[in-house]
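Here's the letter readout for the chains.
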Amino acid sequence: MSASPDHHAGGSVPRVVLLGPPGSGKTVVGALLAEALAEPFHDSDALLTESHGGPTADLLIERGEEEFRRLEAEAAEEALALPGVAALGSGALDHEATAERVAALGAAGAVVAHLDVSLSVAAARLGLNVPQSPALAGTRSQLAAMATARRPRYEARATVVIDTSELSPEEVVARLRAAIS
Ligand SMILES: Nc1ncnc2c1ncn2[C@@H]1O[C@H](COP(=O)(O)OP(=O)(O)OP(=O)(O)O)[C@@H](O)[C@H]1O
Ligand SMILES: O=C(O)C1=C[C@@H](O)[C@@H](O)[C@H](O)C1
Ligand SMILES: [Mg+2]
């Protein structure tokens, strides 16, 4: 399918959208890629924090899961309506309208990248691999359950999948640049 002019440099919607679980590198890779392309970077978690204050984890605790997911979807919609590179919160595709919007961008020529990562590497990147009692391994279990539940949603909308587990952020950026036509 041919790309809409909107998806090229200077367009009005992102030409690269990054999806993936926590620790897959959406924020670090998105910032590096945007810098390399000399384009803006919009991270929906940063937009969420700018609009509502506090770290996203605090927002989830203070507002509750249902309200947090609504705000997460709003922030994702905001990022998807801006040019350059967009990184979406890892739960953004749980919202069907957002998932459809991402699919439409991919169909129109944007690179929609699922940045994947193994559980052990994600845990290490997120500082969750510290020795602890098995009874206190709940956070890693939650990470595993979340990643497993969301993987099919990322895969269904992605135009490219990159397993970042054994790659540096710069190597991920190089693969993304190769995927941009
Ligand atoms: N390919 C990589 N190699 C090594 N370290 C990485 C890689 N990608 C990300 N990291 C590191 O892992 C940590 C998490 O990365 P980052 O914040 O970009 O992930 P994320 O996908 O945006 O996570 P979240 O969903 O929580 O926002 C950071 O410390 C980052 O520097
Ligand atoms: O636990 C979650 O669902 C989240 C984790 C982070 O990836 C954030 O990107 C996201 O906004 C919410
Ligand atoms: Mg991030």
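On a predicted model such as this, the values are computed, not experimentally measured, just so you know. (Residues numbered from 1 in each chain as written. Chains lettered and ligands numbered in written order. Predicted model: local features only at pLDDT ≥ 70, side-chain atom pairs only at ≥ 80, totals over all residues. Heavy atoms only, no water.)

Caption draft 1: Fine view of the environment of Ser 120. The residue Ser 120 is located in helix α6 (residues 119-125) in this model. Among the residues examined, Ser 120 registers a relative accessible area of 56% and is labelled exposed. (Helix = DSSP H or I, 4+ residues; strand = E, 2+ residues; numbered from the N terminus. Buried < 20%, exposed > 50% of the residue type's maximum accessible area, 1.4 Å probe, protein only.)

Caption draft 2: The site of ligand 1, seen in detail. Around ligand 1 sit 14 residues in total, of which Gly 25, Lys 26, Thr 27, Val 28 and Leu 167 are the nearest. Note that an oxygen atom of ligand 1 is positioned 2.9 Å from one of the side-chain N or O atoms of Thr 27. Within the backbone of Leu 167, an N or O atom sits 2.7 Å from a nitrogen atom of ligand 1. Protein chains bury 69% of the 640 Å² of accessible surface belonging to ligand 1 in isolation. Of the residues forming the shell around ligand 1, the biggest block, three residues, is contributed by helix α1 (residues 26-37). Split by residue class, the shell around ligand 1 holds five nonpolar, six polar and three charged. (Near = heavy atom within 4 Å. Polar contact = N/O pair within 3.5 Å; in protein donor to acceptor, adjacent residues only side chain to side chain. Areas by Shrake-Rupley, 256 points an atom, 1.4 Å probe, with all protein chains shown as cover. Nonpolar A, V, L, I, M, F, W, Y, C, P; charged D, E, K, R; others polar.)

Caption draft 3: Seen up close, the pairing of strand β3 (residues 84-87). As paired elements, strand β1 (residues 14-19) and β3 share four bridges and run parallel to each other. Paired with Val 17 across the two strands is Ala 86, which belongs to β3. As defined by bridge partners, strand β2 (residues 41-43) adjoins β3 across three bridges and the pair is classed as parallel. Bridge pairing in β3 places His 42 opposite Ala 86. (Pairing = 2+ DSSP bridges.)

Caption draft 4: The pattern of salt bridges, seen in detail. A complete count under the given rule lists 11 salt bridges for this structure. Glu 39 is paired through a salt bridge with Arg 15; the nearest N and O atoms lie 2.4 Å apart. With Glu 39 in the loop between α1 and β2 and Arg 15 in strand β1, the pair connects residues that are 24 residues apart, well separated along the chain. Each member of the pair, Glu 39 as well as Arg 15, carries the same accessibility label: buried. Measuring nitrogen to oxygen at the nearest pair gives 2.8 Å for the salt bridge that ties Glu 72 to Arg 69. With a gap of three residues between them, Glu 72 and Arg 69 both fall in helix α4 (residues 65-79), about one helical turn apart. On the basis of relative accessible area, Glu 72 is assigned to the buried category, the value being 4%. (Salt bridge = Lys/Arg side-chain N within 4 Å of Asp/Glu carboxyl O.)

Caption draft 5: Region of interest: the UniProt feature "binding site: Mg(2+)" (unreviewed entry) in the protein chain. Annotation from UniProt places "binding site: Mg(2+)" (unreviewed entry) at Thr 27. If you trace the backbone, Thr 27 turns up in helix α1. Those residues in contact with Thr 27, other than ones at most four positions away along the chain, are Phe 41 and Asp 43. (UniProt positions renumbered as here; feature names shortened; annotations may be inferred. Contact = heavy atoms within 4.5 Å.)

Caption draft 6: Broad picture of the UniProt feature "binding site: substrate" (unreviewed entry) in the protein chain. Under the present numbering, the feature "binding site: substrate" (unreviewed entry) in UniProt falls on Asp 45, Arg 69 and Arg 150. Every residue in contact with Arg 69, bar those within four places of it in the chain, is listed here: Leu 60, Gly 91 and Arg 150. Structurally, the position occupied by Arg 150 is in helix α7 (residues 138-157). Classification of Arg 150 by relative accessible area gives buried; the value is 6%. If near-sequence neighbours (up to four positions away) are discounted, Arg 150 is found in contact with Arg 69, Ser 90, Gly 91 and Asp 94. Within polar-contact distance, the side chain of Arg 150 engages the side chain of Ser 90 at 3.2 Å.

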